[in-house]
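Commentary on secondary and tertiary structure
As a plain string of letters, each chain reads:
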Amino acid sequence: MTLNRAEIIHRNFLAFLDAWEKEHPAPPEPRPLDAPPAGLETSAGVNGTLLWELFESQLACRQLDLVSREMRARDEGFYTIGSSGHEGNVVLGRLARHTDPALLHYRSGALMVERARHVAGIDPIRDIVLSYAAAADEPIAGGRHKVFGSVPLWVPPQTSTIASHVPKAVGMAIALGRLRKLRVEAPVPADSIVLCSFGDASVNHSVAQGAFNTASWTAYQRVPVPILFVCEDNGIGISVHTPPGWVETSIRGRPAFQYFQADGLDLVDAYQAARRAVECCRALRCPTFLHLRTIRMLGHAGSDVETEYHTLAEIEAVEARDPLIASARRLLDEGYVTTAAVRERYDQLGRRVREEARAAAARPKLRSAAEVMAPLAPYHPNAVAAEAALAPPDDRRSAHFGGAALLPEKRGPRHMAVNINAGLHDLLLQNPQALVFGEDVAQKGGVYHVTTGLHKRFGAARVFNTLLDETSILGLAIGAAHLGLLPIPEIQYLAYYHNAEDQIRGEACSLQYFSNAQYRNPMVVRIAGMGYQKGFGGHFHNDNSVAALRDIPGLVVALPSRGDDAVRMLRTCLALAKVDGRVVAFLEPIALYMTKDLHETDDRGWSFDYPPPGEFTALGDGRVYHDDARDLTIITFGNGVYLSLRAARTLAEKHGIRARVVDLRWLAPLNAELICREAALTGRALVVDECRRSGGMAEPIIAALVEGLGERACRIGRVTAEDVYIPLGAAANLVLPSEAAIVSAAQALCEPCASHQPSAKREPRARPGRSLRAS
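Computed from a predicted model, the values in this text were never measured in an experiment.

**Topic: the packing of helix α5 (residues 124–132) against helix α12 (residues 339–361)**
Viewed as axis vectors pointing N to C, α5 and α12 meet at an angle of 45°, and their least axial separation amounts to 9 Å. Between α5 and α12, the crossing angle belongs to the class labelled oblique. As for how α5 packs across α12, the hand of that crossing is right-handed. In this structure, α5 contributes I125, R126, V129 and L130 to the contact, and α12 contributes L349, R352, V353, E356, A357 and A360.

**So, helix α27 (residues 698–709)**
For α27, built from 12 residues, the straight-helix expectation of 16 Å at 1.5 Å per residue is met to within 8% by its first-to-last C-alpha distance of 16 Å. Of all the residues in α27, the buried ones are A698, I701, I702, A704, L705 and V706. Looking one or two residues past α27, G710 carries a phi angle of roughly 80°, positive in sign.

**Concerning the packing of helix α1 (residues 5–23) against α12**
Packing of α1 against α12 leaves a shortest axis separation of 10 Å and a crossing angle of 165°. Relative to α12, the element α1 lies roughly antiparallel. The handedness of the crossing between α1 and α12 comes out as left-handed. On the side of α1, the interface is formed by H10, F13, L14, L17, D18, W20 and E21, while α12 contributes T339, V342, R343 and Y346. Considering only residue class, the contact of α1 with α12 consists of six nonpolar, two polar and three charged.

**Side note on the pairing of strand β19 (residues 715–721)**
Across the seven residues that make up β19, a large majority, six, are buried. The pairing of strand β18 (residues 684–692) with β19 spans seven bridges and is parallel. If you follow L686 over to β19, its bridge partner there is G717.

**A closer look at the side chain of N419**
Its location among the elements puts N419 in helix α16 (residues 416–430). Engagement of the side chain of N419 in a polar contact is seen with the backbone oxygen of R414, the distance being 3.4 Å. Look past the residues within four positions of N419 in its chain and what remains in contact with it is R414, G563, D564, V567, F608, D609 and Y610.

**A closer look at the sheet that holds strand β1 (residues 102–103)**
Two strands in a sheet stick together by hydrogen bonds in their backbones, pointing the same way (parallel) or opposite ways (antiparallel). What the five strands build is an open sheet, ordered β1-β2-β3-β7-β6; its pairing is parallel. Looking at strand neighbours, the two that pair on one side only are β1 and β6 (258–263), the edges of this open sheet. Across the sheet, helix α6 (residues 166–182) touches β1, β2 (194–199) and β3 (227–233), and the angle it forms with β2 is around 165°.

**Some words on helix α28 (residues 739–750)**
Helical geometry: 3.6 residues make up each α-helical turn, so side chains three or four residues apart lie on a common side. The end-to-end C-alpha distance of α28 is 17 Å, a good match for the 16 Å that 12 residues give at a rise of 1.5 Å each. Across the 12 residues of α28, nine count as buried, placing the element largely inside the fold. Regarding α28, the residues found buried are A741, I742, V743, S744, A745, A746, A748, L749 and C750.

**Thoughts on the environment of L549**
The topology assignment puts L549 in helix α22 (residues 547–550). Accessibility expressed as a relative area gives 1% for L549, which makes it buried. Linking L549 and N733, residues 184 residues apart in sequence, is a C-alpha distance of 24 Å. The contact partners of L549, leaving out residues within four places of it in the chain, are L494, Y497, L555, V557, A585 and L587.

**Here's the deal with the nonpolar core**
Membership of the largest hydrophobic core comes to 164 residues, with the highest contact counts inside it found for F212, F229, F289, I504, L632 and L686. In terms of residue count, α6 provides more of this core than any other element does, 10 residues in total. Not counting residues within four places of it along the chain, the set of residues in contact with F212 comprises V166, F198, V203, F229, I251, R254, F257 and F289. Grouped together as the second largest cluster of nonpolar side chains are 82 residues, I125, F148, L292 and V342 included.

**Considerations on the packing of aromatic side chains**
Counted by the stated rule, this structure contains 19 aromatic pairs. Note on Y448 and Y593: the rings are 5.4 Å apart at their centroids and 40° apart in plane angle, and the pair reads as tilted. In this pair, Y448 sits in the loop between β8 (434–438) and α17 (454–458) while Y593 sits in helix α24 (residues 590–593), placing the two residues 145 residues apart along the sequence. Y593 carries the same exposure label as Y448, and that label is buried. Three or more aromatic residues link up through ring pairs in this structure, and these residues are F198, F212, F229, F257, Y259 and F289. In this structure, K146 packs its charged tip against the face of F148, placed 3.4 Å from the ring centre. Across from the ring centre of F464, 3.8 Å away, lies the NZ or CZ of R178, which sits over that ring.

**Regarding the confidence of the model for the protein chain**
Close reading of the predicted structure is inappropriate where its pLDDT is low. Of all residues in the protein chain, 96% attain a pLDDT of 70 or more, and the chain-wide mean is 94. Scored below 50 in pLDDT, residues 754–775 makes 60 contacts in the model with residues more than four places away or belonging to other chains.

**Observations concerning the environment of E114**
Inspection of the secondary structure assignment puts E114 in helix α4 (residues 109–115). Judged by relative accessible area, E114 falls into the buried class, the value being 0%. Distance from E114 to P124, taken between C-alpha atoms, is 8.6 Å for residues 10 residues apart in sequence. Apart from residues lying up to four places away in sequence, E114 is in contact with E53, L54, S57, V90, G93 and R94.

**Points about the pattern of salt bridges**
Inspection of every chain in the model, using the stated rule, returns 49 salt bridges. Two residues, E699 and R550, come together in a salt bridge whose shortest N-O distance is 3.6 Å. You can see E699 sitting in helix α27 and its partner R550 sitting in helix α22, a full 149 residues away along the chain. Each of R562, D564, D565, R568, E615, R623 and R665 takes part in salt bridges that share partners, so that together they form one network.

The rules behind these values
- Residues numbered from 1 in each chain as written.
- Predicted model: local features only at pLDDT ≥ 70, side-chain atom pairs only at ≥ 80, totals over all residues.
- Heavy atoms only, no water.
- Axes fitted to C-alpha atoms, helices over the stretch in contact; angles between N-to-C directions.
- Helix = DSSP H or I, 4+ residues; strand = E, 2+ residues; numbered from the N terminus.
- Parallel < 35°, antiparallel > 145°, perpendicular 65-115°, else oblique.
- Left-handed = near helix turned anticlockwise from the far one by under 90°.
- Contact = heavy atoms within 4.5 Å.
- Expected span 1.5 Å × (residues − 1).
- Buried < 20%, exposed > 50% of the residue type's maximum accessible area, 1.4 Å probe, protein only.
- Nonpolar A, V, L, I, M, F, W, Y, C, P; charged D, E, K, R; others polar.
- Pairing = 2+ DSSP bridges.
- Polar contact = N/O pair within 3.5 Å; in protein donor to acceptor, adjacent residues only side chain to side chain.
- Core = buried A, V, L, I, M, F, W, Y, C linked by side-chain atoms within 4.5 Å.
- Phe/Tyr/Trp six-rings, centres within 6.5 Å; stacked < 30°, edge-to-face > 60°.
- Lys NZ or Arg CZ within 6 Å of the ring centre and 35° of its normal.
- pLDDT = per-residue confidence, 0-100.
- Salt bridge = Lys/Arg side-chain N within 4 Å of Asp/Glu carboxyl O.

Written as structure tokens, this is what we have:
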């Protein structure tokens, strides 16, 4: 019979015990468990009891790895990435407090098992086996993923982390210091540190490099960043070897970093080095890097055929360095335990893990889509409405704005940038835990002056500049939100968001889902974007791609077209974050920031009064213009609202077509009921979408119409941007929707249904209306 590697390392461990017995017919004199190992002083803090307990956690971790593969072979388990060879990380489970937030690598199993000793009543073996089985009563993810996570242990769940968790760990460490400045009560002790573990291959990821740079850049300015980076260096990433010495060379010289090395195959060395690293990080409040040398056994995962890239001799050479054998040898050589005690405990843990595996296989699983999705996007509309309607005290507002006569609602109609700015002032007054940060948002007040005055009035602890790195900006937001703050980060341009999208897609929006609503990271991400900028622009300042946002499960996407709506919607967005922990992308159309007029110069048709506190726009609520029109429904958003209102006047005055214009305002979730109701009133729907034809908003809007209205109930057309990057200058107008294109498409849509003759020459973006059958 051919043995698998899991069975081989199991037998190797037992063979070592047999061999040690033969080599030591007369065992060493028993040493008291409270005595230090030979050559160490009592002050070193290491004794037999400590080593035995650490070893027990290592043994449990190994048995979990072995059983995970047995479960997979029976189709009872669904995860086989293990920790074998990494069991030296157990020392961090002992040395870090359970109140030190820990964002863990998927090979940090022994650390997790040991950490559970800090809190009574937690059974890490049962919890981990339940996660293998995707059991619905698994305590952290509820069967949605195999993760290391725990609320009592302050371990937010991470899923298959390839460095994507490092930016938010840095953000959490920076936020710890900011909580002190803000005098906001922290959910963890003031001297806590953040523990973040990862593999050597992940060190090379751009996300990790950016996070290291942010930690260094921040600490270099003498800002506290109490984070302990733990690199579990096994020398290989799946099949690609890390060059010897690379991790140390690339990290050791970083400004403001403290660097420590430890041998993860030697419990005593690992413990002493890790203790120094933890103490340094806690005392100096600086980025600390613990380079823990490990090995990888059993390949990358159960599906990895390691013989494709390693010879059998190479595999066996690694297995001969098994850290469990090294730990057992240390305990035996010191006389703390006997081989019989080691074998008995190993077997006991194996039986226990297999018992839990049998029980877990029989536990209920998630049985419906509704059950799976339950924690993804919580929404309590009444509570959100109550929060959105709150207002700062009148006396505080009056003092802040310079007197009752200078309150923003008393200043008359203003353009969008001014109204959003006043809205941010009010929101920061109302929410002392709210922060505004990003590139150039502080003294400069933002590229478009939307954050003007916030830094001066609220101070550098709440309004501050960041380095130029969108991934770190969003990581800071996630970390701060974990600790109870309410971040309002700014991404300077929509095109820049795409550099960092996974921080929202893979991290922020997945947290409530993968923690079964036990963890949350509320935030409102302000993003300036969309097209039609005048004076300068090009692709990076006129990005019209929202596909990467609306594809993210659970993300709320808001896009106002006018200043008063922007304020009302922003209040709702903050309320969604506070009440339900939601992550919101608040898109601000740059071209409408300074727009004051609608039809003629100085008509002030696009300037609006500031809505006083208490007014808000509920999630999903749209705005309808010309609601008595019955010829055509134009469905749009953002800049499309402005263009469509101008086109609607032309249609009415020159072509006798009366069009109602629907501003969706919220792009995700999409209000299909509103879309269908408004389209049914006219029987003709023209979707004006400033996004690209492929992947733009027209696609889900038309799908909602077809599915909601059925066969032949509505003629549908669309005007979209072309599938191209937006060019510089006047050439941009050639690929974006225009008033002329809207008018042309509307005329075609309003032609009698019997007529299929093409209209007069029209721009290629304007597609003729047509009846659509429901699929």
